[in-house]
Amino acid sequence: MTSTTASTRWRLKEPSIIPGFGLTLGFSLAYLGLIILIPLAGLIFRASSLSASEFLSILTDERTLAALKISFGTALIAALINVVFGVLICWVLVRYDFPGRRLIDAMVDLPFALPTAVAGIALSALYAPKGWIGAWFTPFDIRIAYTPIGITIALIFIGLPFVVRTVQPVMEEIDREVEEAAATLGANRFQTVFKVLLPSLLPAIMTGFALAFARGVGEYGSVVFIAGNIPYVSEIAPLLIVIRLEEFNYAGATAIATIMLVISFAMLLIINLIQSWSRGRYGHG
Amino acid sequence: MMEVTVSNVTKEFARFPALNDVSLDIRSGELIALLGPSGSGKTTLLRLIAGLDQPTNGKILFGGEDASHKSVQERNIGFVFQHYALFRHMTVAENIAFGLNVRPSSTRPPKNEIRKRVAELLEMVHLSGLEKRYPNQLSGGQRQRVALARAMAIEPRVLLLDEPFGALDAKVRKELRKWLREFHDRTGHTTVFVTHDQEEALELADRVVVMSQGKIEQVGSADDVYDKPGSPFVHRFIGEASELPVRVENGEVWLDDRTVGLKADGAAEGPSSLFFRPHDIEFLSGCGGCFDGVVVGSRRLAGARRLELELGGSQYRVEVDVPVDHPAALRSQINFRPKHWQLFPRSA
Ligand SMILES: Nc1ncnc2c1ncn2[C@@H]1O[C@H](COP(=O)(O)OP(=O)(O)OP(=O)(O)O)[C@@H](O)[C@H]1O
Ligand SMILES: [Mg+2]
């Protein structure tokens, strides 16, 4: 089996000595096709029933543009914030032993486990102008719920475990000796962290970022409650799709979906390229 | 250059003494080997010298100055880790330049100076042309040399190497061993290296420190530790050892009820262990006073044949080496006497 795959010119990696490559690859492709590609193809097929000008007019519709901007913008900011604090949480969990560490470790997974609607309702209750947290900001005329800030907070909540769970195992594997080597070479703590540790975590951080971002763009359940869904202000693209569907405007819905798909796909592709480049260089990623 | 003194150092891990009251003088410019079986405390001692760990008791002095309160960074040592610990997101050149680049701007050499220094170091470790590679694009031996060049770049006062050739194959080991000796002679750094390979220690080091169970058994030149081992442990650990339970009586060595023709002048009377090297014996024909053995096994070594002999009516077994063309067959009789030997008192 390996000999036949070795002779195919399009293979990207050396086949391993473990037999069954052909079988597992075939199965994986069929499975991915069934689960992911066919629904996506259906989506694009549906969208292609639109003429180019119709498609363009939906795309350039101001409400669509605003919704896309809000979705991608809040997801981006939330993912960036998650990268900073997610890595910090990883650091604390990996490097320090303190009472309650396991509890905090388990808590990180809560956003995975909680039904998103529950999270959304809880968050909007907290951040509403009269909510526990929202009330603190009302005197300063800062509104959190029903604005993009609220959406961002919901997406931070949802995205955190993606960053922590991708970075944590890689951080655990960092060899203590690498840090000690940096110290013997005269690097202080700060330099060790910023010149040695973080750069070696970069590929994992980027993966975590990509996952949190992708999740944020598509997130619906936890966002709709806190967003207030005011068109042009706090209406996210997934919600707009639902609205179009409820209007029986299937073409409009699929057009927005297709655009989101293309943008998300492009971003994932870019991140994957960065990763494969880093893997080629550092042998990990 | 710098001499290092380890003075009555004890290191405990959760009350387990990994090092027990160890003292050692390392002379300036010396190449010294820490040799001992696994778990004997070699790495622990090296890490204490580096300041990566702190001793539970005792002091470490650098050039007569107590280093206890000096951080790792201040000690200015070069440390080469057993598994290299290279920065894998940096190129070879960046790895080597790291120690210079992290200096505060007041003492950091200018950029082109650093580049020149890196080029020199690469030249020195025979890796010119590989500066743009990443560690995972190098062979084990090349990584080893990058680690060494990286440690050398900061011009350390003392170079510490933890099993520098541990992960390499025999041939590369030999090459690097020779290279390290030349390198040391050229640069004259005080160098301490850890190994559990006795051949490596004997061949390479000016002095060998033999360690066992957290203690130093003996410190001496290769000749000292090989020819005059200070304890049964050292005799067994360095080189081959054959060993017989004997008795010293009236200045003579006795095996059971026979004298074996060895004069034990000055040795303590009573039960002793006789140690000798399997290859360091003479054969005799007829046995007035010697060992009288029966061949019970034979193995081919590289340049000789090793015979297993039974002595004293199959009570004891020893090994001796004979030339490859020696006619000894199984069950045949061999009479021999060690040319050099050593006696250690044994509790009866
Ligand atoms: N961090 C630690 N915690 C507890 N025990 C330790 C620690 N480091 C070393 N030890 C113990 O101290 C003893 C000496 O260890 P050390 O690493 O110095 O041995 P070594 O001579 O370097 O052995 P090897 O040749 O296997 O590397 C061992 O028994 C080891 O189990
Ligand atoms: Mg060790």
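As the structure is a prediction and not an experimental result, all values here were calculated from the model.

**Some details on the packing of aromatic side chains**
Reasoning step 1: Across all of its chains, the model carries 12 aromatic pairs over all chains by this definition.
Reasoning step 2: Relative to F213(A), the ring of F209(A) lies with its centre 6.1 Å away and its plane at 10°, an arrangement referred to as stacked. You can see F209(A) and its partner F213(A) sitting in helix α11 (residues 189-218), 4 residues apart, about one turn around the helix. Like F213(A), F209(A) is buried.
Reasoning step 3: On the numbers, 5.5 Å between centres and 75° between planes, the contact of F275(B) with F344(B) is edge-to-face. Of this pair, F275(B) sits in strand β14 (residues 270-276) while F344(B) sits in strand β20 (residues 342-345), placing them 69 residues apart in sequence.
Reasoning step 4: With a relative accessible area of 0%, F275(B) lands in the buried category.

**A word on the UniProt feature "transmembrane region" (unreviewed entry) in chain A**
All names here are of chain A.
Reasoning step 1: Per the UniProt record, "transmembrane region" (unreviewed entry) is found at residues 21-45, 65-94, 106-128, 144-164, 196-214, 220-243 and 250-274.
Reasoning step 2: What you have in residues 21-45 is 100% helix and 0% strand, and the ends, taken at the C-alpha atoms, are 32 Å apart.
Reasoning step 3: With 81% helix and 0% strand, the stretch residues 144-164 has end C-alpha atoms that lie 25 Å from each other.

**Side note on the UniProt feature "domain: ABC transmembrane type-1" (unreviewed entry) in chain A**
Reasoning step 1: With numbering aligned to this structure, UniProt lists the feature "domain: ABC transmembrane type-1" (unreviewed entry) at residues 68-271 of chain A.
Reasoning step 2: Secondary structure over residues 68-271 of chain A splits into 78% helix and 0% strand, and the C-alpha atoms at its two ends are 20 Å apart.

**Points about the pairing of strand β11 (residues 242-249) of chain B**
Residue and element names in this part refer to chain B.
Reasoning step 1: Burial of the side chains of β11 is restricted to one face: S242, L244, V246 and V248 are buried, whereas none of E243, P245, R247 and E249 on the reverse face is.
Reasoning step 2: The sheet contact formed by β11 and β14 spans 7 bridges and is antiparallel. Each bridged residue has a counterpart across the sheet, and for V246 the counterpart in β14 is S272.
Reasoning step 3: Judged from the 3 bridges that link them, β11 and strand β12 (residues 252-255) form a sheet pairing that is antiparallel. Within the sheet, the bridge partner assigned to E249 lies in β12 and is E252.
Reasoning step 4: A loop of 2 residues connects β11 with β12, the two strands running antiparallel in sequence, and N250 in this loop sits at a positive phi of about 55°.

**Let's talk about the pattern of salt bridges**
Residues and elements named next belong to chain B.
Reasoning step 1: Overall, the coordinates contain 33 salt bridges over all chains when judged by the stated rule.
Reasoning step 2: We note a salt bridge from E30 to R27, for which the minimum N-O separation is 3.7 Å.
Reasoning step 3: Residue E30 is classed as buried on the basis of its relative accessible area of 5%.
Reasoning step 4: With a shortest N-O distance of 2.9 Å, D53 and R47 are connected by a salt bridge.

**Re the site of ligand 1**
Residues and elements named next belong to chain B.
Reasoning step 1: Around ligand 1, the structure places 13 residues, and the nearest of them are S38, G39, K42, T43 and T44.
Reasoning step 2: One of the side-chain nitrogen or oxygen atoms of T43 is found 2.6 Å away from an oxygen atom of ligand 1.
Reasoning step 3: Within the side chain of E163, an N or O atom sits 3.3 Å from an oxygen atom of ligand 1.
Reasoning step 4: For ligand 1, whose free accessible area comes to 640 Å², the fraction covered by protein is 61%.
Reasoning step 5: If you list the elements that add at least two residues to the shell around ligand 1, you get β2 (16-26) and α1 (42-50).
Reasoning step 6: The element contributing the most residues to the shell around ligand 1 is α1, with 3 residues.

What counts, and where the lines are drawn
Residues numbered from 1 in each chain as written. Chains lettered and ligands numbered in written order. Predicted model: local features only at pLDDT ≥ 70, side-chain atom pairs only at ≥ 80, totals over all residues. Heavy atoms only, no water. Phe/Tyr/Trp six-rings, centres within 6.5 Å; stacked < 30°, edge-to-face > 60°. Helix = DSSP H or I, 4+ residues; strand = E, 2+ residues; numbered from the N terminus. Buried < 20%, exposed > 50% of the residue type's maximum accessible area, 1.4 Å probe, protein only. UniProt positions renumbered as here; feature names shortened; annotations may be inferred. Pairing = 2+ DSSP bridges. Salt bridge = Lys/Arg side-chain N within 4 Å of Asp/Glu carboxyl O. Near = heavy atom within 4 Å. Polar contact = N/O pair within 3.5 Å; in protein donor to acceptor, adjacent residues only side chain to side chain. Areas by Shrake-Rupley, 256 points an atom, 1.4 Å probe, with all protein chains shown as cover.

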